[in-house]
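Fold and contact review
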There are 2 protein chains.
Amino acid sequence: MDIEIICTGDEVLTGKIVNANFSYITQKLEDYGLPVSRGATVGDDRGELMRAFLEAGSRAEFVIVNGGLGPTVDDLSQEMAAKAAGVELELREEWVERMRRHFARRGRTMTDNNKKQAMLPVGAEILDNPIGTACGFAVAIGKARFFFTPGVPREMYRMLEEQIIPRILERTGSQGVIVLKRFHSYGIGESHADAMLKGLEDLAPDGSLKLGFRAHYPQLETKLTVRAASEAEARAMLAPAEARVRERIGNFVLCEDEQTLEGVIQQMMVRQQATLTVVEDFTGGQIAARLTGQEGAEQFFDRGAVCLTRHQKQQLFGLDRALVEQGNGLPLAATLAEKARKVGGSTHGLAVLVSLEPASDTGTQNGTVFIALATSKGTVTREARLAGIRNWVRLGAIEMGLDSVRRHLQGLPLEERTDFEQTRSVAR
Amino acid sequence: MDIEIICTGDEVLTGKIVNANFSYITQKLEDYGLPVSRGATVGDDRGELMRAFLEAGSRAEFVIVNGGLGPTVDDLSQEMAAKAAGVELELREEWVERMRRHFARRGRTMTDNNKKQAMLPVGAEILDNPIGTACGFAVAIGKARFFFTPGVPREMYRMLEEQIIPRILERTGSQGVIVLKRFHSYGIGESHADAMLKGLEDLAPDGSLKLGFRAHYPQLETKLTVRAASEAEARAMLAPAEARVRERIGNFVLCEDEQTLEGVIQQMMVRQQATLTVVEDFTGGQIAARLTGQEGAEQFFDRGAVCLTRHQKQQLFGLDRALVEQGNGLPLAATLAEKARKVGGSTHGLAVLVSLEPASDTGTQNGTVFIALATSKGTVTREARLAGIRNWVRLGAIEMGLDSVRRHLQGLPLEERTDFEQTRSVAR
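Since we're looking at a predicted model, the values are computed, not measured. (Residues numbered from 1 in each chain as written. Chains lettered and ligands numbered in written order. Predicted model: local features only at pLDDT ≥ 70, side-chain atom pairs only at ≥ 80, totals over all residues. Heavy atoms only, no water.)

A word on the packing of aromatic side chains. Considering all chains together, one arrives at 20 aromatic pairs over all chains under this definition. A centroid spacing of 5.2 Å and a plane angle of 75 degrees characterise the contact between Y217 of chain A and F420 of chain A, whose relative ring orientation is edge-to-face. Of this pair, Y217 of chain A sits in the loop between β10 (209–216) and β11 (219–228) while F420 of chain A sits in the segment after α14 (390–409), placing them 203 residues apart in sequence. Cluster of aromatic residues (ring-pair linked, three or more members): F53, F137, F146 and F148 of chain A. Across from the ring centre of F252 of chain A, 5.3 Å away, lies the NZ or CZ of R407 of chain A, which sits over that ring. Over the ring of F183 of chain B we find K181 of chain B, and its NZ or CZ is 5.6 Å from the ring centre. (Phe/Tyr/Trp six-rings, centres within 6.5 Å; stacked < 30°, edge-to-face > 60°. Helix = DSSP H or I, 4+ residues; strand = E, 2+ residues; numbered from the N terminus. Lys NZ or Arg CZ within 6 Å of the ring centre and 35° of its normal.)

And the structure:
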């Protein structure tokens, strides 16, 4: 089966916006076992659109077109779809009515130029857009079935999931459902995770279970996809595979599916009536920013402090000058975590300190991160030497700092060697 | 002139990575007055690559191919370039030698699979890659000149700028040079800036001056491009246009060209031997994180504090309870800024507080930001009601907080109405 994607719009073609819609669509299709063979990007230009539609229509079985369904003169998708399909445009009253209700609900009146959005090629099948005025539609061009989608990301997401993928699966005779399970981990590289999960696909010998990865440093996403006759059957097939993932890389799993690491920390802390005060240096407020980004963060996040210099660290809690003069290390991190806990009136105090090494001539700049987490039961610590460029060390220290809180709340050891660490003896 | 871009690689085609290289290339070409007519994305597949090369070669004058020059078996660009051009591959000893030196400088030995990177179509012109082992090259396929570039972004950036764009400009007979001037502003929307700069292109009546915009909320980039016989002539033509931009939107300009807002603040503070302590609530550490992200931040950034609740704000500096109980406002912001300055031992104290309103049923969640900047000469404040969704209010508050520091250091008024504000009477 050949599926192609055509993204339209001068904004995308000229690079004014990065085309994240393309990677969203192709990835989502991959998740359903529908590989894309080719993508094209064309501007708001009648000739280029026509050529792109006819070429894709001569090659592919399915084509997804994104963008160009708006009310303005440079939105040309319906017009060129009709031309390429060799039919006229017609006004679809049912969509005019939909738009009228859409505007009425928001206390606004529909303007005449919106009617353009209800002009579809004769015979087109409407693809519902429950959250916008752009009308999706499907039409045949050449030997391909074309699906036209809005450029607004959240409208496209729903149309793809609810309208288009089911139609493609039905037309390709794919039986049943596909269920996707995702694990987000920190500390294991993609090839290492692949090796640790070797043989996992054999848990479903008929090839209906697929294992995939998506690395976005410092996190790795491990994806399991199963195809089955029903959702219940799919879940049953997934169960042993999920158990295997948890058994092999479980300690490194931060969260699953739509969850985030900071969301999991918030959830656990609120449940345990725990609260947190954070002290950080080189990470510069990013640990606090991650933890405070979600609604309800004030329920567990007490206070954050950022200090870059020894002097400021000493002043912050009136520390013993001799301790601070030793520089960053586990003793200073532990003291800061304990003081933070006390001063913030929190159940937990976290300190994350980084000592950067001088940059090498290849641009790498390793750093050592010192983490301490203080509670009423004592203080646990972790030290690791992170390799990479300056910003990678920063990202790694943020993630490891947050992950230490997750590990502690889940009763796991803080110290567990990651793939991003170097031992000191390997150092230049 | 027709220019096409072909991005290759399964990682891009399957959406494992977002294709930011495409938007970089097309935008850079636009800056030089070289519009791209079409983009294609194909995987690591011989058949698809061949088809894409032949099709583009039959249509375009220039084609830029990105990716597929690596040492592994799925890197197919040289092989398919040779096939499409109808020539053999040959080993280019000069590039083998380059790679050998590259590895030697890093104390490593070149492995045999790297030799694949020196196999180019017979007759290909080498495009230098001074910072990597992937060898760029140019070759004719059909009626088009093809330029093959590495997928590693920074290697591609340099090759595009230093090797490819000059060749395209030369072959298109474009005389002279193109110079680009960029202004980064906060507070003016794209259409408003466009209206304020109306007539600017007429400063060069021969059409050699172009005005463009790129909005990435909350910042707007205003771009001036001139084409002239020499760099000196281009600069002379730019001068009155730059003066016009500064005259019309100057107060809103954060920085120019490669500068960042936080970089400008750091530069000014270090020069004035000024130092800063920051207190923030809803922005959650993001203001501190922006200010501490660059090398040398410890020269001016003293301390950051994040407090979400009234209780924590009261405790932080032992404030008067009655003041805190009034909630966020300019009085509390001013007091926090003054205390921050004192406690951090800084010349400047900044407080940025946000009061969020309940979310509306359309998902918007406006918020009011209260900013205070304290110095030895007194305290200045700014209040603004920002419209949008939760995260937009957060981004706007961060930017306005940082911009208030920039404005004060530059002797500008803090209060100047932006396009992102709502007055209270317009509410809902």
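Moving on, there is more to tell.
Overall, the coordinates contain 2 cavities of 30 Å³ or more when judged by the stated rule. A volume near 100 Å³ is recorded for the largest cavity. Residue lining of the largest cavity: 16 residues in total, with R38, A40, E55 and R59 of chain A together with R38 of chain B positioned closest to the centre. Of all the elements in the fold, those that place two or more residues in the lining of the largest cavity are β1 (3–8), β2 (36–42) and α3 (46–59) of chain A together with β2 (36–42) and α3 (46–59) of chain B. Considered class by class, the residues forming the lining of the largest cavity number 7 nonpolar, 1 polar and 8 charged. Approximately 70 Å³ is the volume found for the second largest cavity. The wall of the second largest cavity is formed by N19, F22, G39, A40 and T41 of chain A together with N19, F22 and T41 of chain B. Residue contributions to the lining of the second largest cavity peak at 3 residues, all from β2 of chain A. (1 Å grid on protein atoms, 1.4 Å probe; cavity = no way out; pocket = protein on both sides within 12 Å on 5 of 7 lines; lining within 4 Å. Points joined across faces, edges and corners; volume = space filled by probe spheres on them. Nonpolar A, V, L, I, M, F, W, Y, C, P; charged D, E, K, R; others polar.)

The next thing to look at is the environment of V352 of chain B. Of note, V352 of chain B is situated in strand β15 (residues 348–356). The contacts of V352 of chain B, once residues within four sequence positions are left out, are V279, E280, D281, I287, V369, F370, I371, A397 and G401 of chain B. (Contact = heavy atoms within 4.5 Å.)

What follows is about the sheet that holds strand β12 (residues 253–256) of chain B. Residue and element names in this part refer to chain B. On the basis of which strands lie adjacent, the open sheet formed by 4 strands has the order β10-β11-β9-β12 and antiparallel pairing. Edge positions in the sheet fall to β10 (209–216) and β12, since each of these pairs with one other strand and no more. For this sheet, the mean angle separating the axes of adjacent strands, direction not counted, is 25 degrees. As paired strands, strand β9 (residues 177–186) and β12 are joined by 3 bridges and run antiparallel to one another. In the strand pairing of β12, F183 is matched with E256. Along the sheet, helix α2 (residues 20–31) contacts β9, β10 and β11 (219–228); its crossing angle with β11, the most-contacted strand, is approximately 50 degrees. (Pairing = 2+ DSSP bridges. Axes fitted to C-alpha atoms, helices over the stretch in contact; angles between N-to-C directions.)

On the side of chain A, 56 residues touch chain B, which itself brings 56 residues to the contact. Both faces considered, chain B and chain A share a buried interface measuring about 4600 Å² in area, 46% of it formed by carbon and sulfur atoms. Here chain B and chain A share 8 salt bridges between them. The shortest N-O distance in the salt bridge between R38 of chain A and E48 of chain B comes to 3.5 Å. On the surface where chain B and chain A come into contact, there are 34 residue pairs in polar contact (both at pLDDT 80 or more). For the side of chain B that touches chain A, the per-class residue count stands at 20 nonpolar, 20 polar and 16 charged. Looking at chain direction, β2 of chain A and β2 of chain B are connected through 5 bridges and run antiparallel. (Buried area = accessible area lost by both parts, 1.4 Å probe. Salt bridge = Lys/Arg side-chain N within 4 Å of Asp/Glu carboxyl O. Polar contact = N/O pair within 3.5 Å; in protein donor to acceptor, adjacent residues only side chain to side chain.)

Before going further, it helps to examine helix α6 (residues 153–171) of chain A. All names here are of chain A. Helix length check: α6, at 19 residues, gives a terminal C-alpha distance of 25 Å against a target of 27 Å (1.5 Å per residue), a fit within 8%. At L160, α6 shows its largest kink, close to 45 degrees. The complete set of buried residues in α6 reads E155, M156, M159, L160, Q163, I164, I165, I168 and L169. Of the residues one or two after α6, G173 is the one with positive phi, at around 70 degrees. (Expected span 1.5 Å × (residues − 1). Bend = angle between axes of the 7 residues up to and from the residue. Buried < 20%, exposed > 50% of the residue type's maximum accessible area, 1.4 Å probe, protein only.)

Each of the two chain copies can be brought onto the other by rotation about an axis and movement along it. Mapping chain B onto chain A leaves a residual RMSD of 0.2 Å; the transformation is a rotation of 180 degrees accompanied by 0.2 Å of translation along its axis. The symmetry that links the two subunits is that of a two-fold axis. (Least-squares fit on C-alpha atoms with pLDDT ≥ 70 in both.)

Let's shift gears to the sheet that holds strand β12 (residues 253–256) of chain A. Residue and element names in this part refer to chain A. Strand order in the open sheet formed by 4 strands is β10-β11-β9-β12, and the pairing between neighbours is antiparallel. Bordering the open sheet on either side are β10 and β12, each of which pairs with just one other strand. Mean inter-strand twist for the sheet, computed between neighbouring axes without regard to direction, equals 25 degrees. Helix α2 (residues 20–31) contacts β9 (177–186), β10 and β11 of the sheet and is inclined by roughly 50 degrees relative to β11.

Right, let's talk about a negative patch on the surface for a bit. On the surface, a cluster of negative charge is made up of D10, E11, D45 and D74 of chain A together with E30 of chain B. Within the element layout of this structure, E30 of chain B appears in helix α2. (Patch = residues over 30% accessible without salt bridge, like charges linked within 9 Å, V, L, I, M, F, W, Y side chains within 5 Å. Areas by Shrake-Rupley, 256 points an atom, 1.4 Å probe, with all protein chains shown as cover. Lys, Arg positive; Asp, Glu negative; His and termini not counted. Charge placed at Lys NZ, Arg CZ, Asp CG, Glu CD.)

Residue and element names in this part refer to chain A. Inspection of the secondary structure puts E280 in strand β13 (residues 276–280). Buried charge without a partner: E280 forms no salt bridge, and the closest opposite charge is R394, 7.3 Å away. At a separation of 3.1 Å, a polar atom in the side chain of E280 contacts the main-chain amide nitrogen of G285. Here the side chain of E280 touches A288 through a polar contact of 3.1 Å, landing on its backbone nitrogen. With sequence-adjacent residues up to four places away left out, E280 is seen in contact with G285, Q286, I287, A288, A305, V306, C307 and V352.

What follows covers the packing of α3 of chain A against helix α4 (residues 77–85) of chain A. Residue and element names in this part refer to chain A. One can describe the packing of α3 onto α4 by two numbers: an axis separation of 10 Å at closest approach and a directional angle of 50 degrees. Considering their axes alone, α3 and α4 lie oblique with respect to each other. In the packing of α3 onto α4, the handedness of the crossing is right-handed. Two secondary-structure elements touch here, α3 through R46, L49, M50, F53 and L54 and α4 through S77, E79, M80, A81, K83 and A84. The residue makeup of the contact of α3 with α4, split by class, is 7 nonpolar, 1 polar and 3 charged. (Parallel < 35°, antiparallel > 145°, perpendicular 65-115°, else oblique. Left-handed = near helix turned anticlockwise from the far one by under 90°.)

As a further point, take the pairing of strand β14 (residues 301–307) of chain A. Most of β14 of chain A sits out of view: 7 of its 7 residues are buried. Where β13 of chain A and β14 of chain A come together, 5 bridges link them in parallel fashion. Across the sheet, T277 of chain A pairs through a bridge with R303 of chain A, a residue of β14 of chain A. Examined bridge by bridge, β14 of chain A and strand β14 (residues 301–307) of chain B share 5 bridges and lie antiparallel to one another. Bridge pairing links A305 of chain A to A305 of chain B in β14 of chain B.

The next thing to look at is unusual backbone geometry. Cis geometry marks the peptide bond from Y217 of chain A to P218 of chain A, where omega comes out at 5 degrees. Its location among the elements puts P218 of chain A in the loop between β10 and β11.

Moving on: the domain arrangement of chain A. All names here are of chain A. Taken domain by domain, chain A holds domain 1 (3–171), domain 2 (177–256) and domain 3 (261–426). A separation of 33 Å is found between the C-alpha centroids of domain 1 and domain 2. Buried area between domain 1 and domain 2, summed over both chains or domains, comes out near 520 Å², and the portion from carbon and sulfur atoms is 42%. If you sort the residues of domain 1 by the area they bury against domain 2, Q27, D31 and Y32 come out on top, with a joint share of 82%. There are 1 salt bridge connecting domain 1 and domain 2. The salt bridge partner of K223 is D31, with a shortest N-O separation of 2.9 Å. Inspection of the region where domain 1 meets domain 2 yields 2 residue pairs in polar contact (both at pLDDT 80 or more). Here the side of domain 1 that touches domain 2 is composed, by residue class, of 2 nonpolar, 2 polar and 1 charged. (Domains from an automatic or database assignment.)

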